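Analysis of the macromolecular model
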Amino acid sequence: MTELMTPDQLEAALRAIGRERYHDRHPFHALLHGGRLDRGQVQAWALNRYYYQSRIPLKDSALMSRAEDPALRRAWRQRVVDHDGEQEGEGGIARWLHLTDALGLDRAQVIDGRGILPATRFAVDAYVRFVRDRTLLEAIASSLTELFAPTIIGSRVAGMLANYDFVSREALAYFDKRLSQAPRDADFALDYVKREARRPDQQQDVMNALIFKCDVLWAQLDALHHAYVEPGNIPPGAFVPEGRR
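Presented here is a report on the structure given in the accompanying data block.

So, how was this worked out
Every chain's residues receive numbers from 1 upward, in the order its sequence appears when written. Only residues with pLDDT of 70 or above have their local features reported here, since the model is predicted, and side-chain atom pairs are shown and tallied only from 80 upward, although totals for entire chains, interfaces and linings are computed over all residues. Side-chain figures throughout are based on the complete set of non-hydrogen atoms in the structure, without hydrogens or water. A run of DSSP states H or I qualifies as a helix once it reaches four residues; a run of E qualifies as a strand once it reaches two. Both are numbered from the N-terminal end. Atoms counted for the radius of gyration: C-alpha only. Globule rule: 2.2 Å times the number of residues to the power 0.38. Classification of residues uses two cut-offs on accessible area relative to the type maximum, computed with a 1.4 Å probe and protein chains only: under 20% is buried, over 50% is exposed, and between them is partly exposed. Here, two residues are considered to be in contact whenever any of their heavy atoms come within 4.5 Å of each other. The Shrake-Rupley method, run with a 1.4 Å probe sphere, supplies the accessible areas, and residue values consider only the shown protein chains as cover. When charges are tallied, Lys and Arg are placed among the positive residues and Asp and Glu among the negative ones, while His and the ends of the chain are skipped. Taken as the charge location is NZ of Lys, CZ of Arg, CG of Asp or CD of Glu. Salt bridge, as used here: a side-chain nitrogen of Lys or Arg that lies within 4 Å of a carboxyl oxygen of Asp or Glu. Between the N-to-C directions of two axes lies an angle of 0 to 180 degrees, each axis being a line fitted to C-alpha atoms and, for a helix, fitted only over the stretch in contact. For this classification, under 35 degrees means roughly parallel, over 145 means roughly antiparallel, 65 to 115 means roughly perpendicular, and everything else is oblique. Left-handed is the label given to a crossing in which the near helix is rotated counterclockwise from the far helix by less than a right angle, and right-handed is the label when the rotation is clockwise. Under the grouping applied here, Gly and all other residues not named as nonpolar or charged are polar, the nonpolar ones being Ala, Val, Leu, Ile, Met, Phe, Trp, Tyr, Cys and Pro and the charged ones Asp, Glu, Lys and Arg. Aromatic contacts are taken between Phe, Tyr and Trp rings whose centres are within 6.5 Å, Trp giving its six-membered ring; a plane angle under 30 degrees counts as stacked, one over 60 as edge-to-face, and the others as tilted. For a ring to carry a charge above it, either NZ of a lysine or CZ of an arginine must fall within 6 Å of the ring centroid while also lying within 35 degrees of the normal to the ring plane. Put simply, a nonpolar core is a bunch of buried Ala, Val, Leu, Ile, Met, Phe, Trp, Tyr and Cys residues held in one set by side-chain atoms that sit within 4.5 Å of each other.

Things to note about the overall build of the chain
Counting secondary structure elements, the chain contains 11 helices and 0 strands. Listing each helix as α and each strand as β along the chain from the N terminus yields α-α-α-α-α-α-α-α-α-α-α. For a compact globule of 245 residues, the expected C-alpha radius of gyration is about 18 Å, and the chain comes in at 18 Å, within 12% of that figure. Oriented by its inertia axes, the alpha-carbon framework of the chain measures out at about 55 × 40 × 35 Å. Counting every position in the chain, which comprises 245 residues, the buried fraction comes to 52%. Restricting the contact set of the chain to residue pairs at least 6 apart, pairs at least 24 apart contribute 77%. Accessible surface computed for the chain: about 11500 Å², of which carbon and sulfur atoms make up 49%. Separation between the mean location of the 33 positive side-chain charges and that of the 34 negative ones in the chain comes to 1 Å.

Below, the structure is given as structure tokens:
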């Protein structure tokens, strides 16, 4: 990219990336939200997704450790509180464990990451490394998938409640908070990148960071689909639902 975009043009380019690449378009989500997965497949999704959830405070802490602006650190640390809570039993990670509990998964297994897919670990760890090692601008831009989260959350909650008798609204409480947290966080990150990406190469870096994050999310669903839907090739050591053992 050789020409500088206006901030509004950059935002439009980022939103176009989300429309094309966000993981709401993945076939696994259509199956999940449409009630076309069995209990074991939903368990596999929740187990693998927990690993992603558990690493979000780690990547956010890595980002803050590199931010010299106290105002940025103060704003960003709310993300860590949102996931870790102010005390034991609070926060998004605890709420996700309520979901895995409700699905009948062993909590110790979930927390330890036993049975997650190798591709899940690889993709999520790559995201943490990206935020730790790339520029602060790129690290912040990689969080912009949250621009597109509210739509998929609404579809997920409505679809799962309508289609799975083993899922309750209480079990899906994690998503209630995200409906307000994600837009707040996305607005902050979007304002930052629109303000700080002042050169064409920086604007390209911002777009590439969002593409990378979309790829991270897509890769996790690819792995789930391959292992638990089609062709159903569960890797050695990965979670095996009841009835397939």
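Remarks on the pattern of salt bridges
Charged atoms that come close allow side chains of opposite charge to pair. One pass over the structure, following the stated rule, counts 16 salt bridges. Lysine 194 is the salt-bridge partner of glutamate 11, the closest N and O atoms lying 2.7 Å from each other. On the criterion of sequence distance, the pair formed by glutamate 11 in helix H1 (residues 7-21) and lysine 194 in helix H10 (residues 173-196) is long-range, its members being 183 residues apart. The burial state of glutamate 11 is the same as that of lysine 194; both residues are buried. With its nearest N and O atoms 3.2 Å apart, the salt bridge here joins glutamate 138 to arginine 134. For glutamate 138, a relative accessible area of 5% puts it in the buried group. Using a relative accessible area of 40% as the deciding quantity, one classes arginine 134 as partly exposed. Residues joined by salt bridges that share partners form a network here, namely Asp8, Glu11, Arg15 and Lys194.

Here's the deal with the side chain of glutamate 11
Residue glutamate 11 is classed as buried on the basis of its relative accessible area, which comes to 17%. Those residues within four positions of glutamate 11 in sequence are excluded, and the remaining contacts are Leu190 and Lys194.

Remarks on the environment of phenylalanine 212
Examined against the element boundaries, phenylalanine 212 turns out to sit in helix H11 (residues 200-228). Residue phenylalanine 212 is classed as partly exposed on the basis of its relative accessible area of 24%.

Side note on the packing of helix H4 (residues 70-84) against H10
In contact at an axis separation of 11 Å, H4 and H10 are set at 160° when each is read in the N-to-C sense. As far as their axial angle goes, H10 and H4 are roughly antiparallel. Two packed elements cross with a definite hand, and for H4 against H10 that hand is left-handed. In this structure, H4 uses Leu72, Ala75, Trp76, Gln78, Arg79, Asp82 and His83 to contact H10, whose residues at the interface are Tyr174, Arg178, Gln181, Arg184, Asp185, Ala186, Phe188, Ala189 and Tyr192. By residue class, the composition of the contact of H4 with H10 is 8 nonpolar, 3 polar and 5 charged.

A look at the packing of aromatic side chains
Scanning all chains against the criterion turns up 10 aromatic pairs. Their ring planes at 50° and their centres at 6.4 Å tell us that tyrosine 228 and phenylalanine 239 sit as a pair that is tilted. Highlighted residues: tyrosine 228 in helix H11 and phenylalanine 239 in the segment after H11, separated in sequence by 11 residues. Three or more aromatic residues joined by ring pairs form one cluster here, namely Trp45, Trp96, Tyr174 and Phe175. Here the guanidinium or amino end of arginine 79 rests over the ring plane of tryptophan 76, the centre of that ring lying 3.6 Å away. The ring centre of tyrosine 51 lies 5.1 Å from the NZ or CZ of arginine 121, which sits over that ring.

Quick notes on the nonpolar core
Grouped together as the largest cluster of nonpolar side chains are 78 residues, with contacts concentrated most on Leu14, Trp45, Ile140, Leu144 and Val193. If one sorts the elements of this core by residue count, H11 sits on top with 12 residues. When residues no more than four places from it in sequence are discounted, the contact partners of leucine 14 are Leu144, Phe148, Leu190, Val193, Val206, Met207 and Leu210.

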